[in-house]
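Examination of the molecular architecture
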Amino acid sequence: MEITGKQKAAFGFGAFGKDVVYMLIATYLLNYYNVVLKMDSVFIGIVMMGARVFDAFNDPIMGIIVAKTRSRWGRFRPWILSGTVLNAFVIYALFAVPASWSPSGAPMKTWLAVFYVLWGVTYTFMDIPFWSMIPAVTVPGRDRENLTSIARTCSGIGDAIPTVLTNTVVPILSGLIAGKRIASGNYSEWRSGYIAWAIIIAAVFVISEIIMTLSVSEKSAYETETQGVGDMFKALFKNDQAMTVVLSIICVYTSLNICGNLLLYFFQFDVKNAGAYSIFTAAAFLGQVIMMMVIPLLRRRFSKNSLYLFGFVLQIAGFVTILIMAYIGVYTSSRWQILCLPGIMVYAGYGILNVIMTIFLSDSVDYGEYKNGSRDESVIFSMQTFTVKLASGIAVALAGVIIKFIGLNTGDGAVQTASTISNLRLFMTIPSVILLIIGLISYKALYKLDDKKMDEISKALEEKHHKG
């Protein structure tokens with residue numbers, strides 16, 4: 001039985017809310033502690049990587065907990081709602097650092113470490129059960145792909161909101177709170193605005209997940225049996241297609257996160273127009289969202305595998321174009337708009353990969369049952385959050401080290417050397433291209449679940465459950 005349009009819209013709104021908070025933390029927390037609070041970038045990067053790796057290894061455990069949950073409200077919704085509320089409080093705490101503390105002192109460093117770990121853990125509470133609902137309430141085919149496309153499109157819009165608006169909204173909020181106009185580039189005066197913005201984002205998050213949990217039924221398309229922990233992990237690692245998708249996710253997310261963590265610095269100190277960052281990201285995310293929206297239409301003519309391949313090619317071409325533009329000097333602080341073209345290419349390619357990766361991972365759930373007799377939505381989708389967190393942890397640590405290594409001066413009105421700017425451009429693009437090439441090669445060599453194979457699996461499972 002297909003889920004209704006109202007339920008799809010509610011699920012999409014939930015995806016929007018969860019990615020609004022994720023992108024605020026992923027895009028701006030390093031910059032907030034480094035540029036606004038003046039904490040050392042290497043220390044921030046190490047803390048964030050350590051916290052993300054610690055949290056990532058908890059994800060499979062959370063997947064098992066969700067799989068074993070039985071309640072009157074279902075397996076997924078209790079965790080989604082409780083994790084959301086807890087995470088909203090932690091988001092506020094991450095930005096509400098006491099103003100009297102020194103950025104080099106132990107209290108502020110401890111505050112960042114403790115609350116960043118708590119943010120990751122509480123986000124896991126809701127993230128794993130959220131995405132696990134897709135293969136649980138849909139069957140392979142159009143219904144699953146439509147729900148995935150809606151959810152990923154809405155999450156792309158959620159990604160865009162803080163990325164595009166933060167640099168504009170935060171100084172305005174800071175000025176309103178201080179009762180004066182905050183000059184452009186005076187990042188040390190943005191603290192109060194960031195706190196107010198974090199509260200607004202957290203409120204949107206809570207509202208979106210309440211609406212989703214009240215609207216979307218957990219009536220499963222498949223009945224599942226409770227297994228032992230050992231059996232779940234054995235089934236996971238026997239699922240070669242799930243592991244192939246996981247490898248692809250690591251490459252794609254690490255690639256984008258390395259660039260994403262350095263992109264704001266690129267606009268602040270190379271383009272020398274921090275305000276342009278908001279317009280650039282708006283154009284880039286618009287390309288991503290439009291691409292995710294049209295995937296159901298493209299699927300009428302192209303296979304999932306063909307679209308996935310095109311996504312890799314588009315991203316690689318975008319990164320290479322940014323690097324070429326940087327070295328031939330086509331942009332200035334007032335003529336930066338041409339950068340939007342490769343930005344759209346990168347994010348449109350990511351939009352394709354993001355949707356198709358989620359479909360691939362959902363398909364691997366069905367493949368696992370078909371091959372091994374085990375259906376483990378939460379455990380398999382815990383690997384998605386595991387890899388995303390591992391990728392973002394590695395990327396933010398690398399960004400912190402890169403900022404220090406290239407000698408980037410983050411002080412108000414600082415002037416950078418030509419060597420620093422050149423290295424910033426290289427590190428923002430070349431590692432991303434290498435990772436995408438690795439992801440593309442591994443996918444081509446190992447992934448086998450094309451449309452024909454999934455039709456075969458779907459029919460076999462339908463027959464199995466009908467007999468059961």
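To start, this report covers the structure provided alongside it. Remember, predicted model here, so these are calculated numbers, not experimental data. (Residues numbered from 1 in each chain as written. Predicted model: local features only at pLDDT ≥ 70, side-chain atom pairs only at ≥ 80, totals over all residues. Heavy atoms only, no water.)

Here the focus is the overall build of the chain. A count of helices and strands for the chain gives 14 helices and zero strands. Secondary structure elements of the chain, listed N to C terminal, follow the sequence α-α-α-α-α-α-α-α-α-α-α-α-α-α. By its C-alpha atoms, the chain is 70 × 45 × 35 Å across when sized along the principal axes. Here the chain, with 468 residues, has 59% of them falling under the buried criterion. Long-range pairs, those at least 24 residues apart, make up 85% of the contacts in the chain between residues at least 6 apart in sequence. For the chain, the computed accessible surface area is about 18,100 Å², with 67% contributed by carbon and sulfur atoms. Of the side-chain charges in the chain, 38 are positive and 29 negative, and the distance between the mean point of each set is 4 Å. (Helix = DSSP H or I, 4+ residues; strand = E, 2+ residues; numbered from the N terminus. Buried < 20%, exposed > 50% of the residue type's maximum accessible area, 1.4 Å probe, protein only. Contact = heavy atoms within 4.5 Å. Areas by Shrake-Rupley, 256 points an atom, 1.4 Å probe, with all protein chains shown as cover. Lys, Arg positive; Asp, Glu negative; His and termini not counted. Charge placed at Lys NZ, Arg CZ, Asp CG, Glu CD.)

Moving on, we come to the side chain of Thr-281. Along the chain, Thr-281 turns up in helix α9 (residues 274-298). For Thr-281, a relative accessible area of 1% translates into the label buried. Here Ser-278 takes part through its backbone oxygen, which lies 3.0 Å from a polar atom of the side chain of Thr-281. In this view, Thr-281 contacts Thr-163, Val-164 and Leu-263; residues no more than four positions away in its chain are not counted. (Polar contact = N/O pair within 3.5 Å; in protein donor to acceptor, adjacent residues only side chain to side chain.)

The next point concerns the nonpolar core. Counting residues in each nonpolar core, the largest one holds 141 residues, and the members touching the most others are Phe-11, Tyr-33, Leu-94 and Phe-95. Of all hydrophobic cores here, the second largest spans five residues; its members include Ala-56, Val-246, Met-383 and Phe-386. (Core = buried A, V, L, I, M, F, W, Y, C linked by side-chain atoms within 4.5 Å.)

This paragraph deals with the packing of aromatic side chains. One pass over the full model with this rule turns up 32 aromatic pairs. Plain terms: the ring middles of Phe-11 and Phe-130 are 4.4 Å apart, the flat faces sit at 20° to each other, and that makes the pair stacked. Here the residue Phe-11 occupies a position in helix α1 (residues 5-36), and Phe-130 occupies one in helix α4 (residues 106-137), the gap between them amounting to 119 residues. Overall, the relative accessible area of 2% leaves Phe-11 in the buried class. Residues Tyr-22 and Trp-119 carry aromatic rings whose centres are separated by 6.1 Å and whose planes lie at 35° to one another, so their mutual orientation is tilted. Separated by 97 residues along the polypeptide, Tyr-22 in helix α1 and Trp-119 in helix α4 bring together distant segments of the chain. The residues Tyr-22 and Trp-119 share a single accessibility class, namely buried. Its guanidinium or amino end placed over the ring of Phe-43, Lys-109 lies 4.9 Å from that ring's centre, counting from NZ or CZ. Lying over the aromatic face of Tyr-327, Arg-425 brings its terminal NZ or CZ to 5.5 Å of the ring centre. (Phe/Tyr/Trp six-rings, centres within 6.5 Å; stacked < 30°, edge-to-face > 60°. Lys NZ or Arg CZ within 6 Å of the ring centre and 35° of its normal.)

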